[in-house]
Amino acid sequence: DQQVKQNSPSLSVQEGRISILNCDYTNSMFDYFLWYKKYPAEGPTFLISISSIKDKNEDGRFTVFLNKSAKHLSLHIVPSQPGDSAVYFCAASGVHQGAQKLVFGQGTRLTINP
Amino acid sequence: NAGVTQTPKFRILKIGQSMTLQCAQDMNHNYMYWYRQDPGMGLKLIYYSVGAGITDKGEVPNGYNVSRSTTEDFPLRLELAAPSQTSVYFCASRIVTGELFFGEGSRLTVL
């Protein structure tokens with residue numbers, strides 16, 4: 001049962017354009033959402049997050065949008081740069097059986113073409 | 001500022017061997033996690049701990065054991081290595097909520 005899904009395994013975008021990465025979740029218990037970025041041979045690093053009480057959070061070139069009714073969130077990167085080429089993981093956090101749980105999606109490999 | 005430190009970075013094991021992946025964090029985080037990443041499968045939670053002396057199973061705990069005798073350390077033990085345990089393992093920590101801090105990963109191959 002995949003509670004957090006990233007349905008696009010890969011995405012290719014031209015430098016300077018907007019990259020949009022999508023994520024869907026199934027469990028209403030999730031109240032905090034995060035995006036992580038991962039380069040090869042490194043651990044994931046935190047990128048941006050959003051609480052379920054908000055519908056948008058912006059940090060420089062990165063914006064996360066949350067649509068709670070659709071159980072959908074997206075990460076927008078604009079303008080896209082070559083250094084943004086990485087695997088992006090969506091994660092959802094919530095309390096389950098008294099403990100904070102964090103569930104990850106499968107990841108989307110983003111490639112920025114010059 | 002070391003953050004989360006994992007050792008070893010690479011290891012090759014024979015079927016049936018055992019080993020321990022070490023994880024240490026210096027941020028005084030209560031929560032610690034072990035994930036494995038398989039190609040195209042994202043990060044799957046193996047075990048987690050909400051504080052010293054407390055551990056619990058995640059999604060894929062079979063074949064693994066953990067202990068949490070101190071706040072800083074959270075080792076992951078493989079008792080009888082199997083080819084299905086070939087993966088990249090990530091240790092992570094955080095305060096109760098918020099972002100997770102990851103180690104650099106340990107790549108394990110079981111032949």
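Residues numbered from 1 in each chain as written. Chains lettered and ligands numbered in written order. Predicted model: local features only at pLDDT ≥ 70, side-chain atom pairs only at ≥ 80, totals over all residues. Heavy atoms only, no water.

Caption draft 1: Representation of the overall build of chain A in the model. A tally of regular secondary structure across chain A gives zero helices and eleven strands. Reading the secondary structure of chain A in the N-to-C direction produces β-β-β-β-β-β-β-β-β-β-β. Relative to the 2.2 N^0.38 estimate, which gives 13 Å for 114 residues, the radius of gyration of chain A is 14 Å and therefore close to what a compact globule would have. Principal-axis analysis of the C-alpha atoms places the extent of chain A at approximately 45 × 30 × 20 Å. Within chain A, the fraction of its 114 residues that count as buried is 46%. Excluding contacts between residues fewer than 6 apart, the proportion of contacts in chain A whose partners are at least 24 apart in sequence is 55%. Just so you have it, chain A exposes about 5400 Å², and 47% of that area is on carbon and sulfur atoms. Considering chain A, the positive charge centre built from 11 side chains and the negative charge centre built from 9 side chains are found 3 Å apart. (Helix = DSSP H or I, 4+ residues; strand = E, 2+ residues; numbered from the N terminus. Rg over C-alpha atoms; globule rule 2.2 N^0.38 Å. Buried < 20%, exposed > 50% of the residue type's maximum accessible area, 1.4 Å probe, protein only. Contact = heavy atoms within 4.5 Å. Areas by Shrake-Rupley, 256 points an atom, 1.4 Å probe, with all protein chains shown as cover. Lys, Arg positive; Asp, Glu negative; His and termini not counted. Charge placed at Lys NZ, Arg CZ, Asp CG, Glu CD.)

Caption draft 2: Structural view of the interface of chain A and chain B. Counting from both sides, the interface comprises 19 residues of chain A and, opposite them, 20 residues of chain B. Taking both partners together, chain A and chain B bury about 1600 Å²; carbon and sulfur atoms supply 60% of that area. Per-residue buried area on chain A facing chain B is highest for Gln100, Leu102 and Phe104 of chain A; these three make up 32% of the total on that side. At the boundary of chain A and chain B, one finds three residue pairs in polar contact (both at pLDDT 80 or more). Of all the elements in the fold, those that place two or more residues in the side of chain A that touches chain B are strand E4 (32-38), strand E9 (86-96) and strand E10 (99-104) of chain A. (Buried area = accessible area lost by both parts, 1.4 Å probe. Polar contact = N/O pair within 3.5 Å; in protein donor to acceptor, adjacent residues only side chain to side chain.)

Caption draft 3: Focus on the packing of aromatic side chains. The full count for this structure, using the stated rule, is 14 aromatic pairs over all chains. Aromatic side chains tyrosine 36 of chain A and phenylalanine 102 of chain B sit 5.5 Å apart centroid to centroid with 85 degrees between the ring planes, which places their arrangement in the edge-to-face category. Of this pair, tyrosine 36 of chain A sits in strand E4 while phenylalanine 102 of chain B sits in strand E10 (residues 101-102), on two different chains. Each ring, one from tyrosine 33 of chain B and one from tyrosine 48 of chain B, has its centre 6.3 Å from the other, and the planes form 25 degrees; the classification is stacked. Of this pair, tyrosine 33 of chain B sits in strand E4 (residues 31-38) while tyrosine 48 of chain B sits in strand E5 (residues 42-51), placing them 15 residues apart in sequence. Residue classification places tyrosine 33 of chain B among the buried positions, given a relative accessible area of 1%. Here a set of aromatic residues connected by ring pairs shows up, and it is made of Tyr36, Phe46, Phe89 and Phe104 of chain A together with Tyr31, Tyr33, Tyr35, Tyr48, Phe90 and Phe102 of chain B. Over the aromatic face of phenylalanine 74 of chain B sits the side chain of arginine 68 of chain B, whose NZ or CZ is 6.0 Å from the ring centroid. (Phe/Tyr/Trp six-rings, centres within 6.5 Å; stacked < 30°, edge-to-face > 60°. Lys NZ or Arg CZ within 6 Å of the ring centre and 35° of its normal.)

Caption draft 4: Structural view of the state of the cysteines. Residues and elements named next belong to chain A. What the rule picks out here adds up to two disulfides over all chains. Sulfur-sulfur distance for the disulfide between cysteine 23 and cysteine 90 comes to 2.0 Å. On the sign convention where negative is left-handed, the bridge of cysteine 23 and cysteine 90, at about -70 degrees about the S-S bond, is left-handed. Of this pair, cysteine 23 sits in strand E3 (residues 19-25) while cysteine 90 sits in strand E9, and the two are 67 residues apart along the sequence. (Disulfide = S-S within 2.5 Å.)

Caption draft 5: Geometry of the sheet that holds strand E1 (residues 4-5) of chain A. Residues and elements named next belong to chain A. A sheet is described by the order of its strands in space; here five strands give the open sequence E1-E3-E8-E7-E6, paired in antiparallel fashion. Here the strands that pair on one side only, and so sit at the sheet edges, are E1 and strand E6 (56-59). Of the strand pairs in this sheet, strand E7 (residues 62-67) and strand E8 (residues 72-77) are connected by six bridges, and their pairing is antiparallel. Its bridge partner lying in E8, leucine 66 is registered against leucine 73. (Pairing = 2+ DSSP bridges.)

Caption draft 6: Focus on the nonpolar core. Residue and element names in this part refer to chain A. Counting 24 residues, the largest nonpolar core has Val4, Phe33, Trp35, Leu73, Leu75 and Tyr88 as the members making the most contacts within it. Top contributing element to this core by residue count: E9, with four residues. With sequence-adjacent residues up to four places away left out, phenylalanine 33 is seen in contact with Tyr25, Ile48, Ser49, Ile50, Ser52, Leu66, Leu73, Ala91 and Ala92. (Core = buried A, V, L, I, M, F, W, Y, C linked by side-chain atoms within 4.5 Å.)

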